[in-house]
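# Structural characterization, general
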Amino acid sequence: SLGHTIYFNEPLFYHNAIIFERYGFSYQRGRRKMEAIHKRFQEDESLISLLGTTPFRRPEAKESIFYRTWAIHDGILGEKFDQVTMYKQVGQKSIFTTAPGIHW
């Protein structure tokens, strides 16, 4: 109703990006980063070994968006979560999923 055909956003946390994916947003920047985060939680033994070392790095983070975002916020990746921007074209829905099979 505002007359715009495209909307942009910058998810400030990992779980925000996943939520926006599910609403049909696409990545303007950061899709590879999101895919790499998913891969690290699945395969990176050095990262997986850090799960359970603080209350925010629960072992369940390997298979949960909720616990992943807390672990990322706690610094498990060794870097800030930033440089991710997304967009949504009105009337179109993206089909990207950077965390396939991972529940909330």
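Now for a description of the structure that goes with this document.

The rules we used
Residues numbered from 1 in each chain as written. Predicted model: local features only at pLDDT ≥ 70, side-chain atom pairs only at ≥ 80, totals over all residues. Heavy atoms only, no water. Helix = DSSP H or I, 4+ residues; strand = E, 2+ residues; numbered from the N terminus. Polar contact = N/O pair within 3.5 Å; in protein donor to acceptor, adjacent residues only side chain to side chain. Contact = heavy atoms within 4.5 Å. Phe/Tyr/Trp six-rings, centres within 6.5 Å; stacked < 30°, edge-to-face > 60°. Buried < 20%, exposed > 50% of the residue type's maximum accessible area, 1.4 Å probe, protein only. Lys NZ or Arg CZ within 6 Å of the ring centre and 35° of its normal. Salt bridge = Lys/Arg side-chain N within 4 Å of Asp/Glu carboxyl O. Arc of directions from axis to C-beta.

## Some remarks on the side chain of Thr98
Secondary-structure assignment places Thr98 in the segment after strand S3 (85–89). At 2.5 Å, the side chain of Thr98 and the side chain of Glu21 are in polar contact. The contacts of Thr98, once residues within four sequence positions are left out, are Ile18, Glu21, Tyr27, Arg31, Met34, Glu35 and His38.

## Brief notes about the packing of aromatic side chains
Under the counting rule described, the total for this entry stands at five aromatic pairs. When the centroid spacing of 6.4 Å and the interplanar angle of 45 degrees are considered together, the rings of Phe8 and Tyr87 count as tilted. Of this pair, Phe8 sits in strand S1 (residues 6–9) while Tyr87 sits in strand S3, placing them 79 residues apart in sequence. Phe8 gets classed as exposed once you look at its relative accessible area, which sits at 52%. The ring of Phe81 has Lys33 sitting right over it, with the charged end atom 5.7 Å from the ring centre.

## What to know about the pattern of salt bridges
Counted by the stated rule, this structure contains seven salt bridges. Notably, a salt bridge pairs Asp44 with Arg40, separated by 3.1 Å at the nearest N-O pair. A residue is classified by how much of its surface remains accessible, and Arg40, at 27% relative accessible area, is partly exposed. Here Glu60 and Arg58 are joined by a salt bridge, their closest N and O atoms 3.1 Å apart. Through salt bridges with shared partners, a single ionic network connects Lys33, Glu79, Lys80 and Asp82.

## Things to note about helix H1 (residues 14–22)
Here H1 has its buried residues at Tyr14, Ala17, Ile18 and Glu21. All buried residues of H1 fall inside an arc of 100 degrees around its axis, so they share one side. Packed against the buried residues of H1 are strand S2 (26–29), helix H2 (31–43), helix H4 (65–73) and S3. Gly24 sits one or two positions beyond H1 and adopts a positive phi of about 100 degrees.

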